[in-house]
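Structure at a glance
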Amino acid sequence: LKTLDADKYEDEIKEYNNAIDAMASKINRVVSMNKKTESQKENWTNPEEMQTIEDHLLSLVPKNFVIKTNQQMIAFRNYILFVLQNFLGTRNDLAQSKIMFRPKNVDSLDKEHNYILLQKKGKKVSYLMNNYKNEKKMGSIESDIDSKYYDVLAKYMKSVLEFNSDGYLMLNDNMKTPMTNNRLGVVYSGLAEGSGVDKKLSTTLTRHINASKGLDEVEQLKADAKKMGHSLAMHIKYMKE
C-alpha cells in the first residue's frame, strides 16, 4: 500500500499497522506465560529423540568423512547443521557464516559474516556472530562451542573448501552457493525424516527447547524474588558471586 500510494491508503496502512501491533502483543503475552502451544507440544523433542536424529544423520555420512560426491556432502552438511543449530540455539544466522581457522586478529574479519572459528592449539571452537537480529544493540558476540566437535568440524571445513573456496559454512544442494536464512530453516525442518522420530523440527522451536533447560531455576528465582518483594530483574541485580 505504501508503494502504491501512501497518502491515498493512509487509513488502511494505519489499520494494518494496528493489527500487526495487536498480533505482536498477543504473541508476546503467550510467550511470557512460559506455556507450550499445541504445535510446540506436538513437535517438542526430548534429548533422547534429538540423539536418535543425530545418530541417523551421522549414519548417512561416509565413514571417516571422506566426501567425493554432492550427495555425500549434502549428508555431511545436514549433520553439521543439526549439531551446531542444536548446540547454539541461534536463529538462522548460521546461513551468514563462514568456517575457518582462527586468525591472529579476529577484529580484521569483515562484519558482514559470522564465523565458526577453529583453533588448532587446544582444539578450540567458537562461534563469532556479527550478522544477527540484535547486532546493532549487542555488537559482535563470540561463544565457545564444545571442543568435542573440533575434529569433525575440521574435516567438514576441508570438504567445504573443496566445493567452495570462500568457505561458506552452509551451502545449497549444488554445493556452490551459500544458503539463505530461509533456506536453512527449510532444510533444518526436515532433518528428522527417516530417523523414526515423527516430529517436524524448526529453528524457532529449538530455541525454545534450549531456553527451557533453565526454566526450573528461573521459576525458583521468581518465587524467591516474590518472597523478597521485588521484581526478578531486581533480584538478579542483588545476586553476587
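Above this text sits the structure in question.
All of these numbers come straight from a predicted model, not from anything done at the bench. (Residues numbered from 1 in each chain as written. Predicted model: local features only at pLDDT ≥ 70, side-chain atom pairs only at ≥ 80, totals over all residues. Heavy atoms only, no water.)

**Some points on the pairing of strand S3 (residues 124–129)**
Both faces of the sheet carry side chains from a regular strand, because those side chains alternate between them. Cut-off, in case you're wondering: Relative accessibility thresholds used throughout: buried, under 20% of the residue-type maximum; exposed, over 50%; partly exposed, between the two (1.4 Å probe, protein chains only). Secondary structure elements are taken from DSSP: a helix is a run of H or I of four residues or more, a strand is a run of E of two residues or more, and numbering for both begins at the N terminus. Note: two strands are recorded as paired if DSSP finds a minimum of 2 bridges between them.
With five of six residues buried, S3 lies mostly within the body of the structure. Bridge analysis of strand S2 (residues 114–119) against S3 gives five bridges, and the strand direction is antiparallel. Note that in S3 the partner of Leu-117 across the bridge is Ser-126. Here S2 folds back onto S3, and the loop between the two strands holds four residues, one of which, Gly-122, carries a positive phi near 80 degrees. Pairing between S3 and strand S4 (residues 141–145): five bridges, direction antiparallel. Considered in S4, the bridge of Ser-126 is made with Asp-144.

**A look at the packing of helix H5 (residues 70–88) against helix H9 (residues 203–211)**
Heads up, the condition is: Lines fitted to C-alpha atoms define the axes, with helix axes restricted to the stretch in contact, and inter-axis angles between N-to-C directions lie between 0 and 180 degrees. What sets the label is the angle itself: under 35 degrees gives roughly parallel, over 145 gives roughly antiparallel, 65 to 115 gives roughly perpendicular, and the rest give oblique. Two residues form a contact once any of their heavy atoms are found within 4.5 Å. Residues are grouped as follows: nonpolar covers Ala, Val, Leu, Ile, Met, Phe, Trp, Tyr, Cys and Pro; charged covers Asp, Glu, Lys and Arg; every other residue, Gly included, is treated as polar.
At their nearest, the axes of H5 and H9 sit 8 Å apart, and the two run at 45 degrees to each other. In terms of their interaxial angle, H5 and H9 are classed as oblique. Residues Gln-85, Asn-86, Phe-87 and Leu-88 of H5 form the contact with H9, whose participating residues are Thr-203, Thr-206 and Asn-210. Residue composition of the contact of H5 with H9, by class: two nonpolar, five polar and no charged.

**Focus on helix H7 (residues 150–163)**
Spelled out, the test is: The length a helix should cover is 1.5 Å for every residue beyond the first.
Helix length check: H7 (14 residues) gives 20 Å between terminal C-alpha atoms against 20 Å at 1.5 Å per residue, within 8%. Taken as a whole, H7 has its buried residues at Tyr-150, Val-152, Leu-153, Tyr-156, Met-157, Ser-159 and Val-160. Contact partners of the buried residues in H7: H5, strand S1 (97–101), S2 and S3.

**Digging into the packing of H5 against H7**
Selection criterion: If you view the pair so one helix is near and one far, a crossing is left-handed when the near helix is turned anticlockwise from the far one by less than a right angle, and right-handed when it is turned clockwise.
Between H5 and H7, the shortest axis-to-axis distance is 11 Å and the interhelical angle comes to 135 degrees. Judged by the inter-axis angle, H5 sits oblique to H7. The two elements H5 and H7 cross, and the hand of that crossing is left-handed. Counted together, Asn-70, Met-73, Phe-76, Arg-77, Tyr-79, Ile-80 and Leu-84 of H5 and Val-152, Leu-153, Lys-155, Tyr-156, Ser-159, Val-160 and Phe-163 of H7 form the full contact between these two elements. Of the residues that constitute the contact of H5 with H7, the class distribution is ten nonpolar, two polar and two charged.

Interpretation in functional terms is not warranted from these geometric data alone.
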